[in-house]
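# Structural description and commentary
As a plain string of letters, each chain reads:
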Amino acid sequence: MSEEQIRNLEKQFEERIARDEKIEPKDWMPEKYRQTHIRQMSQHAHSEVVGMLPEGNWITRAPSLRRKVALLAKVQDEAGHGLYLYSATETLGISREEMYEQLHTGKAKYSSIFNYPTITWADIGAIGWLVDGAAIINQVPLCSTSFGPYARAMVRVCKEESFHQRQGYEIMIKLSSGTPEQKEMAQDALNRWWWPSLMMLGPTDAESVHTEQSMKWKLKRKSNDELRQQFIDQTVPQADLIGLTIPDPDLKWNEERGSYDFGEIDWDEFWQVVKGHGPMNKERMKARVGAWERGEWVRDAAMAHAEKKAERKEKEAV
Amino acid sequence: MKKSLYNYILGIADNSLILGQRIGELCGHGPSLETDIACTNISLDLLGQVRSYYQYAAKIAGDGRTEDDIAMLRKEREYVNVLLVEQPNTDFAYTMARHFLFDEYHLLFLTELKKSKDMTLAAIATKCIKEVRYHQRFSSDWIRRLGDGTEESQNRMQAAIDDLWTYTDELFHQTDADKAMVSEGIGVDVTKLKNAYYEKVNTVLEESTLTIPESKYFQKGGKMGIHTEHMGFLLAELQYMQRTYPNMEW
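Residues numbered from 1 in each chain as written. Chains lettered and ligands numbered in written order. Predicted model: local features only at pLDDT ≥ 70, side-chain atom pairs only at ≥ 80, totals over all residues. Heavy atoms only, no water.

### Quick word on the overall build of chain A
Along the backbone of chain A there are twelve helices and two strands. Mapped from its N terminus to its C terminus, chain A presents α and β elements in the order α-α-α-α-α-α-α-α-α-β-β-α-α-α. For 318 residues, the compact-globule formula gives about 20 Å, and the C-alpha radius of gyration of chain A, at 22 Å, lands near that figure. If you line up chain A on its principal axes, its C-alpha atoms span 75 × 55 × 30 Å. (Helix = DSSP H or I, 4+ residues; strand = E, 2+ residues; numbered from the N terminus. Rg over C-alpha atoms; globule rule 2.2 N^0.38 Å.)

This is the structure:
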């Protein structure tokens, strides 16, 4: 194809997106579009799968049968989201094995929030309330993103995430209206998860390298700082309602802006965790890689069995 | 009668509780995302069943005990699950073998329990059997895949079946509560399930090119509350919150 032809295709492509048309896997797309989507969607899938670990950590210790069942259902949903998103990413011409490889070698990222440990039961509530809350804010705009399979996946994912978020908040309600020990557990979890949750919405706009291009492709509709503000404004009243204190002495309502002003985020901590040196980065990868390696003989056997079965069927047919 | 029924329900529910707890450990650590989803789902099914049973048991006890008190606040000697279900997830072959050896029994058992004169138990069985049919299909498929897969998988699956075989006979032992409930037309006579069970299990093992163990030595004790050394650790996790923070609501 000549350069001019490519420019033409690109122009038509951008026009389609501007008209809010969906791009489908078989449509022509610029290589950069493909790569950006592979990067973001696989990162999203990895986050779902790695995210199973901190929550899975409490399945065997959930405090009641009702909570245990709800947590199992939630983690199962996350696995389902992972599967769904991997499949959607595969439509762009990358295999799941390749994506795993990228995750296991550290080439692909996943949400940094999962590099924090879940050390008390209240952390399960805080993750649902704050982490899923922030995830929804990130993800709702993606329901109308330009790449069809991603947009459709997100519609379903967001429905389930908002259920998880309510469930997490409900755990926090129960704890904060419980005994002093339970309330303390809830406050402690909020103290530890608040700042990492704010970081989840990404670096400040000045530092964000992907924003402009992503806006054009509708992978992003609002900037990181706008999303963060939205999250804070939505969450502070929820904390007030159940008598928990946001661990930010600079947090105050700004009448003029109609929003909360908030304190400085520790971006050094953010970059430390992103670069692989958070409290649980090594453990999370060890768990993922370990599961994959321990499972190799199982996957090999499944393949071998399927081949034998197909062979037998062929012979029978002959 | 009330006491026998209560004990009888625990005899059923404890199996699902302990098996569900065991497989729940694997969540996020399985050999593939698909098996992770399936194993989490199986755990979810089993623990959902457990809630129905314990809620019913709590109602029968009628002394303010809740489903969680029954599930999480008994002493080890008071749990009456069979030894099979508490065996650890040594590897995926063990996990699937344990499930398969239990699922085949579970399916036969629920098919009979559906006919119970006790309407609540019959209703629970009717609901559970759909789930357990799926469990049985999932685990027996994995017996076939691993048995008739690679040399390594066959060795591992054979080792798992050989090791776990010793716990199968206990499934068909009758407790006092069993006998009392069978005579009332409420309980299932498990002794009558034995032939059908080994027939089904042996068929799958043969299809899987596995050798049916010949050992005639079996372990028992779970139904009397005498467990293997694995049980205490399982309960330590299961009971952790209830023991550390007594009398609280979650």
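Moving on from the model shown.
### Brief notes about the overall build of chain B
Scanning chain B from N- to C-terminus turns up ten helices and zero strands. Ordered by position from the N terminus, the helices and strands of chain B form the series α-α-α-α-α-α-α-α-α-α. Its C-alpha radius of gyration of 18 Å places chain B within 12% of the 18 Å reference for a compact globule of 250 residues. Reported as C-alpha extents along the three principal axes, the dimensions of chain B are approximately 55 × 40 × 30 Å. Residues classed as buried in chain B amount to 60% of the 250 residues present. Expressed as a percentage of contacts within chain B between residues at least 6 apart in sequence, the contacts between residues at least 24 apart total 80%. Here chain B has roughly 10,200 Å² of accessible surface; of this, 51% comes from carbon and sulfur atoms. Taking the 28 positively charged and 37 negatively charged side chains of chain B as two groups, their mean positions are separated by 7 Å. (Buried < 20%, exposed > 50% of the residue type's maximum accessible area, 1.4 Å probe, protein only. Contact = heavy atoms within 4.5 Å. Areas by Shrake-Rupley, 256 points an atom, 1.4 Å probe, with all protein chains shown as cover. Lys, Arg positive; Asp, Glu negative; His and termini not counted. Charge placed at Lys NZ, Arg CZ, Asp CG, Glu CD.)

### Observations concerning the layout of surface pockets
Residues and elements named next belong to chain B. Considered as a void within the structure, the second largest pocket measures approximately 530 Å³ in volume. When residues of the lining of the second largest pocket are traced back to their parent elements, those giving at least two are helix H1 (2-24), helix H3 (67-72), helix H5 (92-113) and helix H8 (176-183). Sort the elements by how many residues they give to the lining of the second largest pocket and H1 lands first, with ten residues. (1 Å grid on protein atoms, 1.4 Å probe; cavity = no way out; pocket = protein on both sides within 12 Å on 5 of 7 lines; lining within 4 Å. Points joined across faces, edges and corners; volume = space filled by probe spheres on them.)

### A short note on helix H10 (residues 267-277) of chain A
All names here are of chain A. Residues Trp267, Phe270, Val273 and Val274 constitute the buried set of H10. Seen along its axis, H10 keeps its buried residues to an arc of 125°; they face one direction. For H10, exposure combined with an orientation more than 90 degrees from the buried face picks out Asp268 and Lys275. By the N-cap criterion, in which a side-chain oxygen at the helix start approaches the backbone nitrogen of a residue two or three places on, H10 is capped by aspartate 266, the distance to aspartate 268 being 3.2 Å. (Arc of directions from axis to C-beta. Polar contact = N/O pair within 3.5 Å; in protein donor to acceptor, adjacent residues only side chain to side chain.)

### Describing the interface of chain A and chain B
Residue-level contacts link 49 residues of chain A with 48 residues of chain B. With both sides pooled, the region where chain A packs onto chain B buries about 4,100 Å², and carbon together with sulfur makes up 68% of that total. Summed over the three residues of chain A that lose the most area to chain B, namely Thr60(A), Leu65(A) and Trp297(A), the buried surface amounts to 19% of that side. On inspection of chain A and its partner chain B, the count reaches four salt bridges. For the salt bridge of Lys174(A) with Glu249(B), the shortest nitrogen-to-oxygen distance reads 3.4 Å. If you list the elements that add at least two residues to the side of chain A that touches chain B, you get helix H2 (31-56), helix H3 (65-90), helix H4 (96-104), helix H6 (148-176), helix H7 (180-199), helix H11 (281-294) and helix H12 (296-317) of chain A. Per-class residue counts for the side of chain A that touches chain B are 27 nonpolar, nine polar and 13 charged. (Buried area = accessible area lost by both parts, 1.4 Å probe. Salt bridge = Lys/Arg side-chain N within 4 Å of Asp/Glu carboxyl O. Nonpolar A, V, L, I, M, F, W, Y, C, P; charged D, E, K, R; others polar.)

### Some points on the packing of aromatic side chains
Under the counting rule described, the total for this entry stands at 24 aromatic pairs over all chains. By way of ring pairs, the aromatic residues Phe102(B), Tyr105(B), Phe109(B), Trp165(B), Phe172(B), Tyr197(B) and Tyr198(B) are connected into one cluster. Just above the ring of Trp58(A) sits the side chain of Arg61(A); from NZ or CZ to the centre is 3.8 Å. Looking at Arg299(A), its charged tip hangs above the ring of Trp292(A), at a distance of 3.4 Å from the centre. (Phe/Tyr/Trp six-rings, centres within 6.5 Å; stacked < 30°, edge-to-face > 60°. Lys NZ or Arg CZ within 6 Å of the ring centre and 35° of its normal.)

### Let's talk about empty space enclosed by the protein
Residues and elements named next belong to chain A. Enumeration over the complete set of coordinates arrives at one cavity of 30 Å³ or more. In this structure, the largest cavity encloses a volume near 90 Å³. Contributing to the lining of the largest cavity are Glu55, Arg67, Ala70, Leu71, Lys74, Trp121, Ile124, Gly128, His164, Gln167, Gly168 and Ile171. Only H3, helix H5 (121-139) and H6 provide two or more residues apiece to the lining of the largest cavity. A class-by-class count of the residues in the lining of the largest cavity yields five nonpolar, four polar and three charged.

### Focus on helix H9 (residues 224-241) of chain A
All names here are of chain A. An ideal rise of 1.5 Å per residue puts 26 Å on 18 residues; H9 measures up with 26 Å between its terminal C-alpha atoms. Among the residues of H9, Asn224, Leu227, Arg228, Gln229, Phe231, Ile232, Thr235, Val236, Gln238 and Ala239 are the ones counted as buried. In this structure, the buried residues of H9 make contact with H5, H6, H7, strand S2 (259-261) and H10. Phi turns positive, to about 70°, at glycine 243, one or two residues after H9. (Expected span 1.5 Å × (residues − 1).)

### Notes on the side chain of Glu104(B)
Residue and element names in this part refer to chain B. Structurally, the position occupied by glutamate 104 is in helix H5. The charged side chain of glutamate 104 is buried without a salt bridge, its nearest counter-charge being lysine 200 at 5.2 Å. Sequence-distant contacts of glutamate 104, defined by excluding residues within four places in its chain, comprise Gln136, Tyr197, Lys200, Val201 and Val204.

### Quick look at the pattern of salt bridges
Under the definition given, this model contains 34 salt bridges over all chains. Residue Asp20(A) is joined to Arg221(A) by a salt bridge in which the shortest nitrogen-to-oxygen separation is 3.9 Å. With Asp20(A) in the loop between helix H1 (3-18) and H2 and Arg221(A) in the loop between helix H8 (211-216) and H9, the pair connects residues that are 201 residues apart, well separated along the chain. Given a relative accessible area of 37%, Arg221(A) falls into the partly exposed group. Arg144(B) is the salt-bridge partner of Glu207(B), the closest N and O atoms lying 2.7 Å from each other.

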